[in-house]
Amino acid sequence: MTSMMTASAEAEAKPEAQINNWLPITASRKAKWWYSAFHNVTAMVGAGVLGLPFAMSQLGWAPGIVAIVASWVITFYSLWQLVELHELVPGRRFDRYHELGMHAFGPKLGYWSIMILQLIVQVASTIVYTVTGGKSLKKSFDLVFPEVFTEVRQTYFILFFAVFQLVMSQTPNFNSLKGVSLLAAVMSFSYSMVSCVASVIKGSEDHHAHPVTYGVRSQNTLDQTFDALNGIGTIAFAFAGHSVALEIQATIPSTEETPSKVPMWRGVIVAYVIVAVCYIAVSISGYWAFGISVEDDVLVSLENPTWLIAAANFMVFLHVVGSYQVFAMPVFDTIESALVQKYHFKPSRILRLVARSSYVVLVGFVGMCIPFFGGLLGFFGGLVFAATSYFIPCIMWLLLKRPKPWSFHWIASWGSTIIGVLIAVLTPIGGLRQIILSFKTYKIFS
């Protein structure tokens, strides 16, 4: 009888193992620790870093720097929690964020609450990266060939980016992205440094000619409040990597001697050092150079030297090609998992081609319709990124690890949770207002 039950369990497990070997997150577990580093840099140092000087102009010098540094500390801690919880149960790996959520909150609440939040983060990221990719490519071409491309609509560049992603989206699994992700990580660091140097040069020249105004953008208290909320939301968007952290860790092999958290954490530390350098350099130099007149994408404010800014914008384009894929891969995993496990489609290249292409087309269409970079950052950053990056890991830590009251982890987890909830509740208001203001001067497919 026992042998029959064992055979039955093995028979049930076999198809599930076969599906896991096909799904993009769990198909390959051969990643090295440095894969974790550049996957995390690609996921983190994205479109959000270019919006940090604008966030500084909405908050002012001291509040802006405090908000960025505090966000770095909180999210560094919450990412450590996720890495530690990945193999909380001996012999089991929580390869997806929602799987850990199900263990912490129960099958239904954990699945639907985490799955919805995670999908919003990932879909929102791909929308913003679509807009950023198109905008940056247009800016690059405008600077190099002003007489040819100035009159070409931004919509066509966003469309080109979407078409390019149709090809890229057929990359079979997360681990296959390592080359693309490495290029994206190098590009993100490069354009951050170009932005910093160009801002310093620009500021040094302009400060002699005319003074730069600092403080905050708006004049009255109500507008300042809305702007501050949007600025904090923009900063929250810049720390979005947590929504793919467990999926990145899932690609790393794990043994009793070297559990996956060891190489993963090594990669995270390297990534977060790079994040700190990029974020502080870009936000301070961009705000110092332009003050309250800085654009919501600091590279748009920069014009000279022309070849360098054109190169930096092209670097942004190359970077978001990779970061789009890092955030899209878990979405593809969710879609393909549902189609195969729930609707019993047969795993195949045709299924993958249709499912992924449909998603890329839909995201591209949304990106062409609402290309509001600054407002999108603030709205999505506050609404859901704060949840997945700031406080959900802390709540799961409190539930699963049960630290002693008033111990370090108890205080840190509760403090991060309170700050994260306040960001999630308040900051979308500022982002939504920014989008509404943009609509006043907006023409569809402009």
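In every chain, residue numbers begin from 1 and rise along the written sequence. Per-residue local features are limited, in this predicted model, to residues with pLDDT of at least 70; the limit for side-chain atom pairs, both in listing and counting, is 80 or more; totals at the level of whole chains, interfaces and linings are taken over all residues. Computation of side-chain values: all heavy atoms of the structure, hydrogens and water removed.

A short note on the overall build of the protein
At step 1: Only DSSP runs of H or I covering at least 4 residues are called helices, and only runs of E covering at least 2 are called strands; the numbering of each starts at the N terminus. Looking only at helices and strands, the protein has 18 helices and zero strands in total.
At step 2: Counting all 446 residues of the protein, 54% fall into the buried class.
At step 3: Total accessible area on the protein is roughly 18,900 Å²; 70% of this is exposed by carbon and sulfur atoms. Classification of residues uses two cut-offs on accessible area relative to the type maximum, computed with a 1.4 Å probe and protein chains only: under 20% is buried, over 50% is exposed, and between them is partly exposed. The Shrake-Rupley method, run with a 1.4 Å probe, gives the accessible areas here. Residue values count only the displayed protein chains as cover.

Thoughts on the pattern of salt bridges
At step 1: By definition here, a salt bridge exists when the distance from a side-chain nitrogen of Lys or Arg to a carboxyl oxygen of Asp or Glu is within 4 Å. In the structure shown here, the tally under the stated rule is eight salt bridges.
At step 2: Here Arg29 makes a salt bridge to Asp95, at a shortest N to O gap of 2.8 Å. Placement of the pair is Arg29 in the loop between helix 1 (2–22) and helix 2 (33–44) and Asp95 in the loop between helix 5 (61–85) and helix 6 (97–105), with a sequence separation of 66 residues.
At step 3: On the accessibility criterion, Arg29 (30% relative accessible area) is partly exposed.
At step 4: If you follow the salt bridges from partner to partner, you end up with Arg29, Arg93 and Asp95 in one network.

Points about unusual backbone geometry
At step 1: The backbone of Arg402 shows a phi angle near 45 degrees, a positive value even though the residue is not glycine.
At step 2: Judged by relative accessible area, Arg402 falls into the exposed class, the value being 66%.

Description of the nonpolar core
At step 1: What we call a nonpolar core is a set of buried Ala, Val, Leu, Ile, Met, Phe, Trp, Tyr and Cys residues that are connected through their side-chain atoms within 4.5 Å. Counting residues in each nonpolar core, the largest one holds 100 residues, and the members touching the most others are Val49, Leu82, Ile235, Phe239, Tyr279, Tyr324 and Met396.
At step 2: Core analysis: the next-biggest nonpolar cluster, separate from the first, contains seven residues, Trp22, Leu339, Val340 and Leu351 among them.

Side note on the environment of Ser57
At step 1: Residue position: Ser57 is located in helix 4 (residues 52–59).
At step 2: Given the relative accessible area of 0%, Ser57 is considered buried.

Focus on the packing of helix 6 against helix 7 (residues 107–144)
At step 1: Between helix 6 and helix 7, the least distance of the axes is 7 Å, while the angle of their chain directions is 145 degrees. The handedness of the crossing between helix 6 and helix 7 is right-handed. Here Tyr97, His98, Gly101, Met102 and Phe105 of helix 6 lie close against helix 7, whose contacting residues are Pro107, Leu109, Gly110, Tyr111, Ile114, Met115 and Gln118.
At step 2: Polar here means any residue other than Ala, Val, Leu, Ile, Met, Phe, Trp, Tyr, Cys and Pro, which are nonpolar, and Asp, Glu, Lys and Arg, which are charged; Gly is therefore polar. For the contact of helix 6 with helix 7, the per-class residue count stands at eight nonpolar, four polar and no charged. For every element, the axis is a line fit to its C-alpha atoms; helices are fit only across the contacting stretch, and the angle between N-to-C directions ranges from 0 to 180 degrees. Here a crossing is called left-handed whenever its near helix is offset anticlockwise from the far helix by less than a right angle, and right-handed whenever the offset is clockwise. By the convention used here, residues are in contact when the closest approach between their heavy atoms is within 4.5 Å.

Topic: the packing of aromatic side chains
At step 1: Only Phe, Tyr and Trp rings take part, Trp by its six-membered ring, and two of them pair if their centres are within 6.5 Å. Stacked means planes under 30 degrees apart, edge-to-face means over 60, and tilted covers everything else. By the definition in use, this model includes 25 aromatic pairs.
At step 2: Between Phe76 and Tyr272, the ring centres sit 5.0 Å apart and the planes meet at 35 degrees, which makes this aromatic pair tilted. You can see Phe76 sitting in helix 5 and its partner Tyr272 sitting in helix 13 (residues 261–290), a full 196 residues away along the chain.
At step 3: With centroids separated by 5.9 Å and ring planes inclined at 55 degrees, the aromatic side chains of Tyr129 and Phe327 adopt a geometry described as tilted. Remark: Phe327 occurs in helix 15 (residues 306–342) and Tyr129 occurs in helix 7; sequence separation between them is 198 residues. You'll find Tyr129 and Phe327 in the same group, each marked buried.
At step 4: An aromatic cluster is built from Phe160, Phe161, Phe164, Phe314, Phe317 and Tyr324, whose rings are joined through pairwise contacts.
At step 5: Residue placement shows Arg352 over the ring face of Trp22; its charged tip is 4.3 Å from the ring centre. By definition here, charges over rings are those cases where NZ of Lys or CZ of Arg is within 6 Å of the ring centre and within 35 degrees of the ring normal.

Let's talk about the environment of Trp397
At step 1: Mapping Trp397 onto the fold places it in helix 17 (residues 373–401).
At step 2: In the structure, Trp397 is positioned 313 residues away from Glu84 in sequence and 9.4 Å away in space, judged by C-alpha atoms.
At step 3: Setting aside chain neighbours within four positions, we find Trp397 in contact with Trp80, Gln81, Glu84, Leu85, Arg402, Pro403, His409 and Ser413.

None of the figures reported here should be taken as evidence of function without further support.
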